[in-house]
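Each chain, written out:
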Amino acid sequence: MRVAIGVALAVWTCLGAGAQTASAPETANERANVSRIRDRINRHPPRADRKLRPYNVTIPNTTISYSMVPVPSGEFTMGAGENDPTRSKDEQPRHKVRVDAFWMQAHEVTWDEYLLFMFANQGGEISHKDEVVDAVSRPTLPYVEMSFGMGLNGFPAISMTQHAANKYAEWLSARTGEFYRLPTEAEWEYACRAGAATQYSFGADSSKLGDYAWYSGNSQGKYHEVATKTPNAWGLYDMQGNVMEWTLDQYAPYETGARVNPWIKATKPYPHAVRGGSWNDPANMLRCSARVPSDPSWKQQDPQLPKSIWYHTDAQWLGFRLVRPAKVPSAEEMYRYWNSGLEHEYQ
Amino acid sequence: MNDFSRDSERRKFLKDAGALGAAIATGFPAIISAQTVTNAIKVGLVGCGGRGTGAASQALQADDYTELTAVADIDQSQVDQCLELLKRNPKIAARVKTEPTRQFLGLDAYQKLIESGIDVVLLATPPGFRPLHLAACVAANKHIFCEKPISTDAPGVRSVLETAGKAKTKNLSLVSGFCWRYSNMIQEAFQQVGDGAIGKLVAYYATYYTNPVKPMPPDSTRPAGMSDVEWQIRNWYNFVWLCGDSIVEQAIHSADKIAWAMHDQPPVSCVGVGGRVIPSEGGNIYDHFEINYIYPNGMRAFLANRQITGCYNETSDYMLGAEGTCTLGRGPVPRIEGKTNWNFTGQRYDMFQREHDVLFAAVRKNQPVNDGTRMATSTMLGIMGRMAAYTGQQITWEQALNSQEKLFPDNLDWGGKLEMRPRAQPGVTKFA
């Protein structure tokens, strides 16, 4: 029994934050469940020979849906150009990157979608018992209201850790039978640019940013409903602004030389690469190449040790969206995408 | 604006301590000499739960020459987890010096810890114990970090006021865990309001609508032979004598901000409603309160809290002025709208770390800080509201502060019997 004496609860706490790293049986259970999810996905894998098309998904046993937009395979130049006066050192050197095809969620994951994952029994789990879905670990009950009054229906979900976003991807994969994960940093920038080599996906003129994005210049101090601005050339909304978006990668300096499907696998909890800028940022942070490192201060309001592995209560401008690669990966790869093993921190 | 940077604070007092260090350091590499000089501050932690562990981590990061040399709790597994977590942080691991002989267990563990040759005590047990622990720390001339709230009843508050006075006389530092007072972001918002940004303050409305904290487990899970006292302490959040109820243990942060806005002057009186609508497995706390306070100049403060799953949740503060509103907790930064439009744009510092930076700098410089009176007043505000809700009566500040109702039992015995007071019933429960 976990005893409770000594816990003087302050402003922010979660029930049972959980201190332990995954035990061997837990890891074995997780691997087994990933295999079961993969079997489910392989019953209807995407047809590799077919041209990717946009489509809609309704989360089974709910009325909540989202759109998937195809992103063709291709090559692009990652990072900021010499002609970008607001570039930061971490956006260089520019380098060629090739990425395989995938679909990407047209808009940031909304509270409508994310709350199904956060709170059990809101998505028809009782009438449609599903052991595979139930075996995916889910967030602890949040103590405070997590939108902080900025809006729920149609608004982007915020303040989740990268671990929480990874687990959402696993949960959604189990629910839908389609493989989802966070985009790599390269995939994210490739999709954001949508073929553009300029600072922004619409060009270099930041005076037009208000047509495409919510940022500090027009947000009035809060996030906005997703997909209310003009999308980029590939039909993706709010890649720039509204909320920053998690990627899979550790935040690290770029190396010189071309890359194919790069993924900088994380070896420590911080920093991870976050992209796109937010309602809280000035225009230059919304540039396609701008990078933000995740930081322990994003959990500053959590007074307890261990800190919650699910919430960055102080990152009220942080969200995510998922990709669905055209090629279904192996079970081992799936396990790696959904389990960073770095969710616990001790500082 | 003040510079709240941790590093600059640390540099400042290291400079102050530098003369001593340099004198002793002759001939030795600086870092070793610093470790071998006798000016390490020895810290003891009472209450090794999540908050206590967090506080110990912050204490060790506030000053490079602090050492955690003793811990106290009721449960060895809690001690073990606390120390394991602290040792996983490479910045502080080497300064966690708590041999098994310096790990104290039981209801008198705090006393053994105090007598173990430490300088600073971190108090992070359930709040019912606080008056007793504080008095013992000050009697033994210890500096203190004291988590909020500081009591669950009025006799306890009066005891803490007396203890705080003694601490002042003895030049001891006493820093309170009412953390928002140490947030530079919230400080700046209060500064704006104080400077007239919303005109004359008319009312303060605070919400603390959250999910439940630590629901009571069913009685069937109580191990055979476990005493009433142990069972209640292990489930402390559900018993008024230990936690003070949600308005005293949780929404007390909002009560503290109300007190801040009212310049820590007490209200005249309050009325309130409260009750429990979701059946619990035991314990005697409510799951909702709403309290209305009136102040000498006619200002009102409204404090509402609820801990029920599936309801509208909100934790915010609205300072309503004659010429504008200051809002805290809607979005990430404070906002003022009206006569002046303002929102916080600076860098925010970690308020929990700041509490310890201030405490240890004060100890190093021998310039005591004492939050004692203020933390007692803020806690009393919550207790007064609870009294109004429990009895259904209008309660004045004088009545509340002089209440003879002692919730914390005398001569607490770990294996002892303890009758639980029935849950209060407005109109039936009498003010005492």
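These figures come from a predicted structure and were not determined experimentally.

Engineer: Give me the overall build of chain A: which residues, what numbers.
Structural biologist: If you tally the helices and strands in chain A, you get seven helices and eleven strands. Relative to the compact-globule value of 20 Å for 347 residues, chain A shows a C-alpha radius of gyration of 19 Å, a close match. Dimensions of chain A, computed from the C-alpha atoms along their principal axes, are close to 60 × 50 × 40 Å. In chain A, of all internal contacts separated by at least 6 residues, the share reaching a separation of at least 24 is 77%.

Engineer: Could you give an account of the pattern of salt bridges, with specific residues and numbers?
Structural biologist: This structure, assessed with the given rule, holds 38 salt bridges over all chains. Across the pair A:E82 and A:R87 runs a salt bridge whose closest N-O atoms are separated by 3.5 Å. Exposure remark for A:E82: the relative accessible area of 62% places this residue in the exposed category. The salt bridge involving B:R374 is made with B:D371; its shortest N-O contact spans 3.6 Å.

Engineer: Go over helix α6 (residues 130-139) of chain B, please, and point to the residues and values.
Structural biologist: Residues and elements named next belong to chain B. Here α6 lies mainly inside the structure; seven of its ten residues are buried. Buried within α6 are the following residues: R130, P131, H133, L134, A136, C137 and V138. One or two residues past the end of α6 sits N141, with phi positive at roughly 60°.

Engineer: Please provide a residue-by-residue account of the side chain of B:T66, values included.
Structural biologist: All names here are of chain B. Inspection of the secondary structure puts T66 in strand β2 (residues 66-73). Residue classification places T66 among the buried positions, given a relative accessible area of 0%. Side-chain polar atoms of T66 contact the backbone oxygen of D63, separated by 2.9 Å. In this structure the side chain of T66 is engaged in a polar contact, spanning 3.1 Å, whose partner is the side chain of R95. If near-sequence neighbours (up to four positions away) are discounted, T66 is found in contact with I41, V43, A59, L60, R95 and F360.

Engineer: Report on the interface of chain B and chain A, specifying residues and quantitative values.
Structural biologist: Every contact between the two is made by 55 residues of chain B and, on the other side, 35 residues of chain A. Among the residues chain B hides against chain A, the three largest losses belong to B:L85, B:R88 and B:P332. Together they make up 14% of the total. Viewed at the interface, chain A and chain B are joined by one salt bridge. Here B:R348 ties to A:D314 by a salt bridge, and the two come within 2.9 Å at their closest N and O atoms. Of all the secondary structure elements, the ones that give two or more residues to the side of chain B that touches chain A are α3 (50-62), α4 (76-87), β7 (201-210), α9 (228-234), β11 (314-321) and α13 (351-365) of chain B. Tallying contributions element by element places α3(B) first for the side of chain B that touches chain A, with six residues.

Engineer: Lay out the packing of helix α2 (residues 111-118) of chain A against helix α4 (residues 162-176) of chain A in plain terms, naming residues and giving numbers.
Structural biologist: All names here are of chain A. Between α2 and α4, the least distance of the axes is 10 Å, while the angle of their chain directions is 90°. As judged from the angle between their axes, α2 and α4 are roughly perpendicular. Across the interface between the two elements, E113, Y114, L116 and F117 from α2 touch A164, K167, Y168 and W171 from α4. Its residues assigned to classes, the contact of α2 with α4 comprises six nonpolar, no polar and two charged.

Engineer: Before we move on, can you summarise the sheet that holds strand β2 (residues 65-71) of chain A with the specific residues and values?
Structural biologist: Sheet strands pair by backbone hydrogen bonding; their relative direction is either parallel or antiparallel. All names here are of chain A. As summarised here, the arrangement of the four strands in space is β1-β2-β5-β11, forming an open sheet in which the pairing is antiparallel. With one partner strand each, in any of the chains shown, β1 (55-58) and β11 (323-325) form the two edges of the open sheet. Each strand axis lies, on average, 30° off the axis of its neighbour in the sheet, ignoring direction. Relative to β11, strand β5 (residues 102-105) runs antiparallel, the two being bridged by three bridges. From the neighbouring strand, W103 faces β11, where its bridge partner is R324. Where helix α5 (residues 185-193) meets the sheet, it contacts β2, β5 and β11, and its direction lies at approximately 75° from that of β5.

Engineer: Residues and numbers for the packing of helix α1 (residues 24-42) of chain A against α4(A), please.
Structural biologist: All names here are of chain A. It is the contact of α1 with α4, at a shortest axis distance of 9 Å, that shows an interaxial angle of 45°. The angle between α1 and α4 falls in the class oblique. Remark: the crossing between α1 and α4 carries left-handed chirality. For the pair formed by α1 and α4, the contact residues are E30, N33, V34, I37, R40 and I41 on the first element and K167, E170, S173 and A174 on the second. Residues that form the contact of α1 with α4 fall into these classes: four nonpolar, two polar and four charged.

Engineer: Run through the sheet that holds strand β7 (residues 259-260) of chain A, naming residues and quoting values.
Structural biologist: Residue and element names in this part refer to chain A. Reading across from one edge, β3-β4-β7 is the order of the three strands in this open sheet, with mixed pairing throughout. Looking at which strands have only one partner, the edges of the open sheet turn out to be β3 (74-78) and β7. When β3 meets strand β4 (residues 95-99), the two strands line up antiparallel, connected through five bridges. Residue M78 lies in a different strand from β4, and its bridge partner there is H95. The strands touched by α5 are β3 and β4; relative to β3, the strand with the most contacts, the crossing angle is about 95°.

Engineer: How would you summarise the nonpolar core if you had to cite specific residues and measurements?
Structural biologist: Core analysis: the biggest nonpolar cluster contains 192 residues, and A:W111, A:Y114, A:Y168, A:F320, B:Y204 and B:M319 have the highest contact counts within it. Sorting elements by how many residues they give to this core places helix α14 (residues 372-391) of chain B first, with ten residues. Residues in contact with B:Y204, not counting those within four places in the same chain, are B:F190, B:K257, B:I258, B:A261, B:M262, B:R300, B:A301, B:F302, B:D317, B:Y318, B:M319 and B:L328. The next biggest cluster of nonpolar side chains, apart from the first, holds 19 residues, and it includes A:V69, A:V99, A:C192 and A:Y254.

Engineer: I'd like a rundown of the packing of aromatic side chains, residues and numbers included.
Structural biologist: The description of two aromatic rings rests on the distance between their centres and on the angle between their planes. For the structure shown, the criterion picks out 28 aromatic pairs over all chains. Both rings, one in A:Y66 and one in A:Y180, keep their centres 6.1 Å apart while their planes meet at 75°; by these two values the pair is edge-to-face. Of this pair, A:Y66 sits in strand β2 while A:Y180 sits in the loop between α4 and α5, placing them 114 residues apart in sequence. Residue A:Y66 is classed as buried on the basis of its relative accessible area, which comes to 2%. Taking 5.6 Å as the distance between ring centres and 15° as the angle between the ring planes, the aromatic pair formed by B:Y205 and B:Y318 counts as stacked. With a gap of 113 residues between them, B:Y205 in strand β7 and B:Y318 in strand β11 connect regions that are remote in the sequence. For B:Y318, a relative accessible area of 18% puts it in the buried group. Taken together, A:W111, A:Y114, A:F117, A:Y168, A:W171 and A:F320 form an aromatic cluster joined through their ring pairs.

Rules behind the numbers
Residues numbered from 1 in each chain as written. Chains lettered and ligands numbered in written order. Predicted model: local features only at pLDDT ≥ 70, side-chain atom pairs only at ≥ 80, totals over all residues. Heavy atoms only, no water. Helix = DSSP H or I, 4+ residues; strand = E, 2+ residues; numbered from the N terminus. Rg over C-alpha atoms; globule rule 2.2 N^0.38 Å. Contact = heavy atoms within 4.5 Å. Salt bridge = Lys/Arg side-chain N within 4 Å of Asp/Glu carboxyl O. Buried < 20%, exposed > 50% of the residue type's maximum accessible area, 1.4 Å probe, protein only. Polar contact = N/O pair within 3.5 Å; in protein donor to acceptor, adjacent residues only side chain to side chain. Buried area = accessible area lost by both parts, 1.4 Å probe. Axes fitted to C-alpha atoms, helices over the stretch in contact; angles between N-to-C directions. Parallel < 35°, antiparallel > 145°, perpendicular 65-115°, else oblique. Nonpolar A, V, L, I, M, F, W, Y, C, P; charged D, E, K, R; others polar. Pairing = 2+ DSSP bridges. Left-handed = near helix turned anticlockwise from the far one by under 90°. Core = buried A, V, L, I, M, F, W, Y, C linked by side-chain atoms within 4.5 Å. Phe/Tyr/Trp six-rings, centres within 6.5 Å; stacked < 30°, edge-to-face > 60°.

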